[in-house]
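Chain and residue survey
Now for the letters of each chain:
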Amino acid sequence: MYRVLLVDDESLTLDYLKMAIPKQDPDWEIAGACLDGIQALEWFESHSADLVLTDIKMPEMSGLELCERLHRRNPEQKIVILSGHDEFKFAQQAIQCSVADYLLKPISLTELKAVLQKIKSSLQTERARNWHTTACWRCRRTEKSRLPPGSSGR
């Protein structure tokens with residue numbers, strides 16, 4: 001199961017996403033919903049999410065500022081920007097924040113499903129790589145523990 005945090009100052013958008021995401025891909029659960037970036041940062045103090053879907057323009061803290069702060073905490077955090085603005089300037093800024101994708105409002109179910117699948121695939125690859133790295137580390141550690149004392153294993 002994958003967890004998504006929704007961040008948008010429009011409650012209609014939050015309600016729509018809460019309903020649409022699990023229907024588009026049942027492997028995703030709504031971990032939480034916040035009305036602005038400040039609330040989202042506070043949420044992350046005691047929770048985690050595989051993906052953050054955030055509006056780009058919100059009062060208090062923009063989605064871009066939220067992206068920057070989340071990436072400082074965790075450079076691997078997956079973030080998708082939602083925007084009602086089809087302006088290159090916003091897309092360019094989002095790319096600089098290393099966002100995984102950029103969806104225009106109104107959100108198309110087809111595009112939402114494609115983005116969720118793309119992020120899920122990326123997370124699966126990362127988890128498999130991390131599992132393999134951990135398994136290799138454990139295996140080497142076990143092999144070293146079987147060597148005679150004073151032996152380096154070379």
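Each remark here, short or long, concerns the structure printed above.
Structure report, in brief.

Definitions and limits used
- Residues numbered from 1 in each chain as written.
- Predicted model: local features only at pLDDT ≥ 70, side-chain atom pairs only at ≥ 80, totals over all residues.
- Heavy atoms only, no water.
- Helix = DSSP H or I, 4+ residues; strand = E, 2+ residues; numbered from the N terminus.
- Areas by Shrake-Rupley, 256 points an atom, 1.4 Å probe, with all protein chains shown as cover.
- Buried < 20%, exposed > 50% of the residue type's maximum accessible area, 1.4 Å probe, protein only.
- Contact = heavy atoms within 4.5 Å.
- Axes fitted to C-alpha atoms, helices over the stretch in contact; angles between N-to-C directions.
- Parallel < 35°, antiparallel > 145°, perpendicular 65-115°, else oblique.
- Left-handed = near helix turned anticlockwise from the far one by under 90°.
- Nonpolar A, V, L, I, M, F, W, Y, C, P; charged D, E, K, R; others polar.

Each helix and strand in the chain was counted, giving five helices and five strands. Each helix and strand of the chain, placed in order from N terminus to C terminus, yields the pattern β-α-β-α-β-α-β-α-β-α. Just so you have it, the chain exposes about 9,300 Å², and 50% of that area is on carbon and sulfur atoms.

Turning to the side chain of serine 83, a few remarks are in order. Structurally, serine 83 is set in strand E4 (residues 78–83). Judged by its relative accessible area of 0%, serine 83 is buried. Setting aside residues no more than four positions away along its own chain, serine 83 makes contact with Asp55, Ile56, Tyr102, Leu103, Leu104 and Lys105.

Looking now at the side chain of lysine 78. Within the secondary structure, lysine 78 is located in strand E4. On the basis of relative accessibility, which here comes to 11%, the residue lysine 78 falls in the buried class. Not counting the four nearest positions on each side in its chain, lysine 78 is found in contact with Asp50, Leu51, Val52, Ile119, Ser122, Leu123 and Glu126.

For residues besides glycine, phi is generally negative; the peptide bonds are generally trans as well. Following lysine 105, the chain continues to proline 106 via a peptide bond in cis, the omega torsion being -5 degrees. With respect to the helices and strands, the residue proline 106 is situated in the loop between strand E5 (101–104) and helix H5 (109–145). For glutamate 60, which is not glycine, the phi torsion reads 75 degrees and is therefore positive. By the element assignment, glutamate 60 lies in the loop between strand E3 (51–55) and helix H3 (63–73).

Here we come to the packing of helix H2 (residues 37–44) against H3. One can describe the packing of H2 onto H3 by two numbers: an axis separation of 10 Å at closest approach and a directional angle of 20 degrees. As the angle between them shows, H2 and H3 are arranged roughly parallel. The element H2 and its partner H3 pack so that their crossing is right-handed. For the pair H2 and H3, the contacting residues are Gly37, Ala40, Leu41 and Phe44 in the first and Leu66, Arg69, Leu70 and Arg73 in the second. Residues of the contact of H2 with H3, tallied by class, amount to five nonpolar, one polar and two charged.

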